[in-house]
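One-letter residues, chain by chain:
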Amino acid sequence: MRGYAPATPCWSVLSSGDAAAATRFYCELFGWTAEPAEDGTTTFLLHGLAVAGLAPAPGGRAAWLTYVSTEDVEATAALVTAAGGTVLQPPADLAGRGRAALFVDPASAVFGAWQRGRFAGAQVANESFAICWSETVTRDIAGAAEFYGKVFGWTEQQGTAVEEHEYHEWISTNRVVGGMSPMGEQYPPETPQHWRTIFAIDDCAGFVARAQELGGRVLAGPIDAGIGFAAQVMDPTGGMFLAIDMLPELRDLLG
């Protein structure tokens with residue numbers, strides 16, 4: 001990946017209270033290596049290329065955070081506020097790597113915006129052990145569509161990959177850039193609305209077994225998701241993500 005058009009998910013960072021434990025887990029599970037970044041965070045590498053990030057959050061709840069590319073992070077912050085969202089961390093320069101901010105949408109889902117500097121975002125994606133998709137998980141489809149439409153100019157359409165399950169896709173300048181999944185009865189009422197990071201894997205059953213060996217917790221799966229076998233996993237520090245062994249024809253489309 002050489003760069004990202006505006007309004008495209010471009011980078012995912014795990015915010016964790018135990019950076020050492022998180023680093024061990026993901027490096028052993030995905031075959032990543034880790035190196036320090038100039039801004040005090042950690043960059044995970046796959047084949048020597050940036051695949052995801054890790055930010056220490058002492059005392060905080062672990063979570064994977066999705067960043068969306070922007071050409072002007074200050075302007076994006078203003079749009080978030082005008083649309084009814086909240087600025088959680090105001091725009092800041094990250095040692096020249098870029099400018100970033102964190103926001104909360106009206107349904108309390110946290111997400112970020114990234115304005116490239118020396119770093120544009122993930123350098124490898126849509127292959128095994130890399131991020132392949134980002135999606136909003138929400139109880140208010142209409143509200144999310146209105147908010148993100150105002151902030152990023154997205155429109156939403158019904159997903160077509162699995163007809164028997166409701167799913168929505170985010171469209172930016174005629175490109176599908178992400179998804180939106182409704183929270184149904186399978187989610188406990190206390191589950192917060194959120195952005196979900198999804199990793200491509202091989203052999204979902206073997207992956208689930210390995211995640212448990214390393215101290216992770218399997219919340220669901222493997223299940224047939226229609227587009228492949230998937231599992232919802234919680235890492236030892238509390239960060240949740242989805243892993244999916246996609247059907248070959250879908251991998252070809254993403255690639």
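About the cut-offs
- Residues numbered from 1 in each chain as written.
- Predicted model: local features only at pLDDT ≥ 70, side-chain atom pairs only at ≥ 80, totals over all residues.
- Heavy atoms only, no water.
- Helix = DSSP H or I, 4+ residues; strand = E, 2+ residues; numbered from the N terminus.
- Rg over C-alpha atoms; globule rule 2.2 N^0.38 Å.
- Buried < 20%, exposed > 50% of the residue type's maximum accessible area, 1.4 Å probe, protein only.
- Contact = heavy atoms within 4.5 Å.
- Salt bridge = Lys/Arg side-chain N within 4 Å of Asp/Glu carboxyl O.
- Arc of directions from axis to C-beta.
- Polar contact = N/O pair within 3.5 Å; in protein donor to acceptor, adjacent residues only side chain to side chain.

> Can you explain the overall build of the protein? Please cite residues and give values.
From N to C terminus, the protein includes 5 helices and 16 strands. The C-alpha radius of gyration of the protein comes to 17 Å, within 12% of the 18 Å expected for a compact globule of 255 residues. When the 255 residues of the protein are sorted by exposure, 51% land in the buried category. The contacts of the protein with a sequence gap of at least 6 include a subset with a gap of at least 24, amounting to 60%.

> Give a description of the pattern of salt bridges that names residues and reports values.
Counted according to the given criterion, the structure contains 8 salt bridges. When salt bridges with common partners are traced through the structure, they connect Glu38, Asp39, Arg97 and Arg118 into a single cluster.

> An account of helix α2 (residues 73-82) is requested, with residue identities and associated values reported.
Counting along an α-helix, one turn takes 3.6 residues, and residues three or four places apart therefore face a common direction. Looking at α2, one finds that the buried residues are Val73, Thr76, Ala77 and Val80. Looking straight down α2, one finds its buried side chains confined to an arc of 105°; they lie on one side. Among the residues of α2, the N-terminal cap falls to aspartate 72, whose side-chain oxygen and the backbone nitrogen of glutamate 74 are separated by 3.2 Å. Positive backbone phi, approximately 100°, marks glycine 84, located one or two places after α2.

> Provide a residue-level description of unusual backbone geometry, including the pertinent values.
Residue proline 222 follows glycine 221 across a cis peptide bond; omega there is 5°. Examined against the element boundaries, proline 222 turns out to sit in strand β14 (residues 217-224). Unusually for a residue other than glycine, asparagine 174 sits at a positive phi of about 70°. Mapped onto the elements, asparagine 174 comes out in the loop between β11 (168-172) and β12 (175-182). Look at aspartate 203: it is not a glycine, yet its phi comes out positive at around 60°. Assignment of secondary structure puts aspartate 203 in the loop between β13 (194-200) and α4 (204-213). Overall, aspartate 203 belongs to the partly exposed group, its relative accessible area being 47%.

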